[in-house]
Amino acid sequence: LAIGGTGDANTLSDYEEGSFTPAPSSGAIANKVGKYIKVGNLVHVTMVLSNFSGASSSAVMQVGGIPFTNNGVESVGSNYISNVNTGTGYGNVSTYVYPSNTIFRLIDQGDDNEAYALTYAAFDTSSSVTVSFTYEIV
């Protein structure tokens, strides 16, 4: 991929894009799409998830299958959630990518409340989640 000009200095030799299937750690997500773009050691991921079912309500909502393991540094991203039951006094949900792993969780933060990972109790068949995050790999 040439980025303006000519010659090796203007050529990007490590570019990849593709799709993957997000994998919930518990229960099922009927509709799930994952896409990524990798440029050098940076990976950008987008996922759309909807129609959650079958998980134990106390299990932490965690999704894996991210195509590359991050480099051991915590990463966060943005999200849009719909029909997800966050706790009273909460509602600032962050996408948290675990270091040295291929999973993410949604972390709920509130005003003067301790942050916690959302459990499957917050999701049902009408819930939908869209996440986007960028992280580094080794």
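Residues numbered from 1 in each chain as written. Predicted model: local features only at pLDDT ≥ 70, side-chain atom pairs only at ≥ 80, totals over all residues. Heavy atoms only, no water.

### Considerations on the overall build of the protein
Of regular secondary structure, the protein possesses zero helices and 10 strands. Listing the helices and strands of the protein from first to last along the sequence gives β-β-β-β-β-β-β-β-β-β. By residue count, 32% of the 138 residues in the protein fall in the buried class. Taking the intrachain contacts of the protein between residues at least 6 apart in sequence as the baseline, contacts between residues at least 24 apart amount to 61%. On the protein, roughly 7,300 Å² of surface is accessible, and the fraction owed to carbon and sulfur atoms is 47%. (Helix = DSSP H or I, 4+ residues; strand = E, 2+ residues; numbered from the N terminus. Buried < 20%, exposed > 50% of the residue type's maximum accessible area, 1.4 Å probe, protein only. Contact = heavy atoms within 4.5 Å. Areas by Shrake-Rupley, 256 points an atom, 1.4 Å probe, with all protein chains shown as cover.)

### Focus on the pairing of strand E6 (residues 75–82)
Bridge analysis of E6 against strand E7 (residues 92–97) gives three bridges, and the strand direction is antiparallel. Residue pairing in the sheet places Val 76 in a bridge with Tyr 96 of E7. In the sheet, E6 pairs with strand E10 (residues 128–136) via six bridges, with the strands oriented antiparallel. From the neighbouring strand, Gly 77 faces E10, where its bridge partner is Phe 133. (Pairing = 2+ DSSP bridges.)

### Looking at the environment of Thr 125
Locating Thr 125 in the fold gives a position in the loop between strand E9 (113–117) and E10. Relative accessible area serves as the criterion here: at 54%, Thr 125 is assigned to the exposed category. Not counting chain neighbours up to four residues away, the residues in contact with Thr 125 comprise Asn 51, Phe 52 and Ser 53.

### Observations concerning unusual backbone geometry
Phi angles above zero are rare outside glycine, and Asn 51 is one such case at about 65°. Within the fold, Asn 51 resides in strand E4 (residues 42–53). On the accessibility criterion, Asn 51 (26% relative accessible area) is partly exposed. Backbone geometry at Asn 83 places phi at a positive 55°, although glycine is not the residue there. With respect to the secondary-structure elements, Asn 83 resides in the loop between E6 and E7.

### Brief notes about the nonpolar core
Formed by 27 residues in total, the largest nonpolar core has its most connected members in Val 45, Met 47, Phe 104, Leu 106, Phe 123 and Phe 133. Those elements that provide at least two residues to this core are strand E3 (28–39), E4, E7, strand E8 (104–110) and E10. For this core, the leading source of residues is E4, giving five residues. Discounting residues that sit within four places of it in the chain, Phe 133 has contacts with Val 43, His 44, Val 45, Met 47, Ile 66, Val 76, Gly 77, Thr 95, Val 97 and Phe 104. (Core = buried A, V, L, I, M, F, W, Y, C linked by side-chain atoms within 4.5 Å.)

### Here's the deal with the confidence of the model for the protein
Any region with low pLDDT has predicted coordinates that should not be read closely. Confidence in the prediction of the protein, expressed as mean pLDDT, is 88, and 88% of residues score 70 or more. Element-level mean pLDDT values for the protein span from 81 in E9 up to 97 in strand E1 (residues 15–20). (pLDDT = per-residue confidence, 0-100.)

### Brief notes about a nonpolar patch on the surface
A surface patch of nonpolar side chains, amounting to about 230 Å² of accessible area, comprises Tyr 15, Ile 37 and Val 39. Mapped onto the fold, Val 39 is located in strand E3. Taking relative accessible area as the criterion, Val 39 reaches 33% and is therefore assigned partly exposed. (Patch = residues over 30% accessible without salt bridge, like charges linked within 9 Å, V, L, I, M, F, W, Y side chains within 5 Å. Salt bridge = Lys/Arg side-chain N within 4 Å of Asp/Glu carboxyl O.)

### Thoughts on the packing of aromatic side chains
Counted according to the given criterion, the structure contains six aromatic pairs. With centroids separated by 5.5 Å and ring planes inclined at 80°, the aromatic side chains of Tyr 36 and Phe 68 adopt a geometry described as edge-to-face. Of the two residues, Tyr 36 is situated in strand E3 and Phe 68 in the loop between strand E5 (62–64) and E6; the sequence distance between them amounts to 32 residues. Counting every residue linked through ring pairs, the aromatic cluster contains Phe 52, Tyr 120 and Phe 123. If you follow Lys 38 out to its NZ or CZ, it ends over the ring of Phe 68, 5.9 Å from the centre. (Phe/Tyr/Trp six-rings, centres within 6.5 Å; stacked < 30°, edge-to-face > 60°. Lys NZ or Arg CZ within 6 Å of the ring centre and 35° of its normal.)

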